[in-house]
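Topology and contacts: notes
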Amino acid sequence: MMDWTDRHCRFFLRQLSRHTLLYSEMVTTGALLHGDAARFLRHDESEHPLALQLGGSVPAELAACAKLAETAGYDEVNLNVGCPSDRVQNNMIGACLMGHPQLVADCVKAMRDAVGIEVTVKHRIGINGRDSYAELCDFVGQVRDAGCRSFTVHARIAILEGLSPKQNREVPPLRYDVAAQLKRDFPDLEIVLNGGIKTLDECREHLRTFDGVMLGREAYHNPYLLARVDQELFGSTAAPISRAQALRNLRPYIERHLAEGGALHHVTRHVLGLGQGFPGARRFRQLLSADIHKANDPLALLEQAILLLEGH
């Protein structure tokens, strides 16, 4: 979700669900330690509960970044051991680390020793050349022994050569049965399922087996899916927010962002998924993706977009 779940996106998603745990985009240790850390760590208090997802493989560097996250107020630090991109593989980040379980364990221990907040791991069920169930259990077992109690399992292997990141989300088959076996064999661990989940009905079904579910691209492309999460999965009695009200709630935030020198599209590029399944949806998307770049009065254009959502 790099370049997707930035602070603007998360602020918007929080309007739809008050209880869902939100994750940052993956941030590398190098970006935090040698770049603009304040930009990556910045967030609004309303975003909580909130996790910072880190990419890295040097225990001391990950520990330093975990401290930065804790100081900045994040509730959790999550180590990415699932991204299959060539760009991160070359720096020993992401899914390639599944071939080095002891290193991942060392990273987790260093972070846990450095901070008091939760340290979790997101991973695949394997990688090409190391995709047996025994090897998956070895990985989880070593990382558990380092103190990790929560694993988010993308129920596909990652093929590290020859497939793009997009293909790695589609070509290797989903194996929910493997993730379910992992939960049976490690009953004391929190096992969260990820991969291919698109509806709240599917979420409810998976929650009969797993301790949680993670939605990635579906929540981004179809964000209004989250509007009923609090009612259907967290027991909230509050009425679901409307599409129009969710966007209206963004106006004060957008006004502050514009006053700081930002642009409207920095925020509204994340809300385009609200525009689907109703008359006027195409016009809504056009307003906030094309017309936005030539608008003399961006807030007036925002009001037009809100009106298109009324009643839907």
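Note that the structure is predicted; figures quoted are calculated from it, not measured.

**A short note on the overall build of the protein chain**
Secondary structure assignment for the protein chain yields 17 helices and eight strands. Scaling as 2.2 N^0.38, a compact globule of 312 residues should have a C-alpha radius of gyration of about 20 Å, and the protein chain matches this with 20 Å. Overall, the protein chain is about 55 × 40 × 40 Å in size when its C-alpha atoms are taken along their principal axes. For the protein chain, buried positions account for 51% of its 312 residues. Of the contacts made within the protein chain by residues no fewer than 6 positions apart, 69% connect residues no fewer than 24 positions apart. By element, 50% of the accessible surface of the protein chain is carried by carbon and sulfur atoms, the whole surface being about 13700 Å². Positive and negative side-chain charges in the protein chain, numbering 35 and 38 respectively, have mean positions lying 5 Å apart.

**Overview of unusual backbone geometry**
Here the residue pair histidine 48 and proline 49 is connected by a cis peptide bond, since its omega of 0° sits within 30 degrees of zero. Tracing the sequence through the fold places proline 49 in the loop between α3 (37-41) and β3 (50-55).

**Side note on the pattern of salt bridges**
For the structure shown, the criterion picks out 18 salt bridges. Aspartate 201 serves as the salt-bridge partner of arginine 204, at 2.1 Å between the closest nitrogen and oxygen. Of the two residues, arginine 204 and aspartate 201 are both situated in helix α10 (residues 200-206); the distance of three residues between them amounts to about one turn of the helix. Since its relative accessible area comes to 32%, arginine 204 is described here as partly exposed.

**A few points about the packing of helix α6 (residues 101-114) against helix α7 (residues 133-145)**
Direction vectors running N to C along α6 and α7 enclose 25°, while the axes themselves pass 8 Å from each other. Taken together, the axes of α6 and α7 are roughly parallel relative to one another. The two elements α6 and α7 cross, and the hand of that crossing is right-handed. Between α6 and α7, the residues in contact are Pro101, Gln102, Val104, Ala105 and Val108 and Asp138, Phe139, Gln142 and Val143, respectively.

**Considering the environment of histidine 266**
When you line up the elements, histidine 266 lands in helix α15 (residues 264-268). As a C-alpha pair, histidine 266 and cysteine 9 span 257 residues in sequence and 9.0 Å in three-dimensional space. Excluding anything up to four places from it in sequence, histidine 266 contacts His8 and His257. Among the polar contacts listed, one links the side chain of histidine 266 to the side chain of histidine 257, at a separation of 3.0 Å.

**What to know about the packing of α7 against helix α9 (residues 176-185)**
Taken N-terminus to C-terminus, the directions of α7 and α9 make an angle of 50°; their axes are 11 Å apart at the nearest point. Comparing the axis directions of α7 and α9 gives the class oblique. For the pair α7 and α9, the crossing hand works out as right-handed. Across the interface between the two elements, Tyr133, Leu136, Cys137 and Val140 from α7 touch Val178, Gln181, Leu182 and Asp185 from α9. Within the contact of α7 with α9, the residues separate by chemical class into six nonpolar, one polar and one charged.

**Quick word on the layout of surface pockets**
Roughly 370 Å³ of internal volume is contained in the second largest pocket. If you trace the second largest pocket, you find 15 residues lining it, with Asp3, Asp6, Glu25, Arg39 and Phe40 closest to the centre. Across the lining of the second largest pocket, the residue classes tally to five nonpolar, two polar and eight charged.

**Observations concerning the environment of glutamate 303**
By the element assignment, glutamate 303 lies in helix α17 (residues 298-309). Along the sequence, glutamate 303 and isoleucine 93 sit 210 residues apart, while their C-alpha atoms lie 42 Å from each other.

**As for helix α16 (residues 281-289)**
For α16, the full list of buried residues reads Ala281, Phe284, Leu287 and Leu288. With its buried residues spanning 120° around the axis, α16 presents them on a single face. Where α16 is buried, its residues contact α13 (243-248), α15 and α17.

**Here's the deal with the pairing of β3**
Of all six residues that make up β3, six are buried, and the element is covered over most of its length. Burial along β3 is two-sided: the face carrying Leu50, Leu52 and Leu54 and the face carrying Ala51, Gln53 and Gly55 are both buried. Inspection of the sheet shows strand β1 (residues 22-23) paired to β3 by two bridges, in the parallel sense. Looking at β3, one finds that leucine 22 is bridged to leucine 50. Relative to β3, strand β2 (residues 27-28) runs parallel, the two sharing two bridges. Note that in β3 the partner of valine 27 across the bridge is leucine 54. Where β3 lies against strand β4 (residues 76-81), four bridges are found, and the strand directions are parallel. What sits directly across from leucine 52, in β4, is valine 77. The parallel pair β3 and β4 is bridged by helix α4 (residues 59-72), and the resulting crossover is right-handed.

Rules behind the numbers
Residues numbered from 1 in each chain as written. Predicted model: local features only at pLDDT ≥ 70, side-chain atom pairs only at ≥ 80, totals over all residues. Heavy atoms only, no water. Helix = DSSP H or I, 4+ residues; strand = E, 2+ residues; numbered from the N terminus. Rg over C-alpha atoms; globule rule 2.2 N^0.38 Å. Buried < 20%, exposed > 50% of the residue type's maximum accessible area, 1.4 Å probe, protein only. Contact = heavy atoms within 4.5 Å. Areas by Shrake-Rupley, 256 points an atom, 1.4 Å probe, with all protein chains shown as cover. Lys, Arg positive; Asp, Glu negative; His and termini not counted. Charge placed at Lys NZ, Arg CZ, Asp CG, Glu CD. Salt bridge = Lys/Arg side-chain N within 4 Å of Asp/Glu carboxyl O. Axes fitted to C-alpha atoms, helices over the stretch in contact; angles between N-to-C directions. Parallel < 35°, antiparallel > 145°, perpendicular 65-115°, else oblique. Left-handed = near helix turned anticlockwise from the far one by under 90°. Polar contact = N/O pair within 3.5 Å; in protein donor to acceptor, adjacent residues only side chain to side chain. Nonpolar A, V, L, I, M, F, W, Y, C, P; charged D, E, K, R; others polar. 1 Å grid on protein atoms, 1.4 Å probe; cavity = no way out; pocket = protein on both sides within 12 Å on 5 of 7 lines; lining within 4 Å. Points joined across faces, edges and corners; volume = space filled by probe spheres on them. Arc of directions from axis to C-beta. Pairing = 2+ DSSP bridges. Right-handed = clockwise from strand over helix to strand, strands pointing away.

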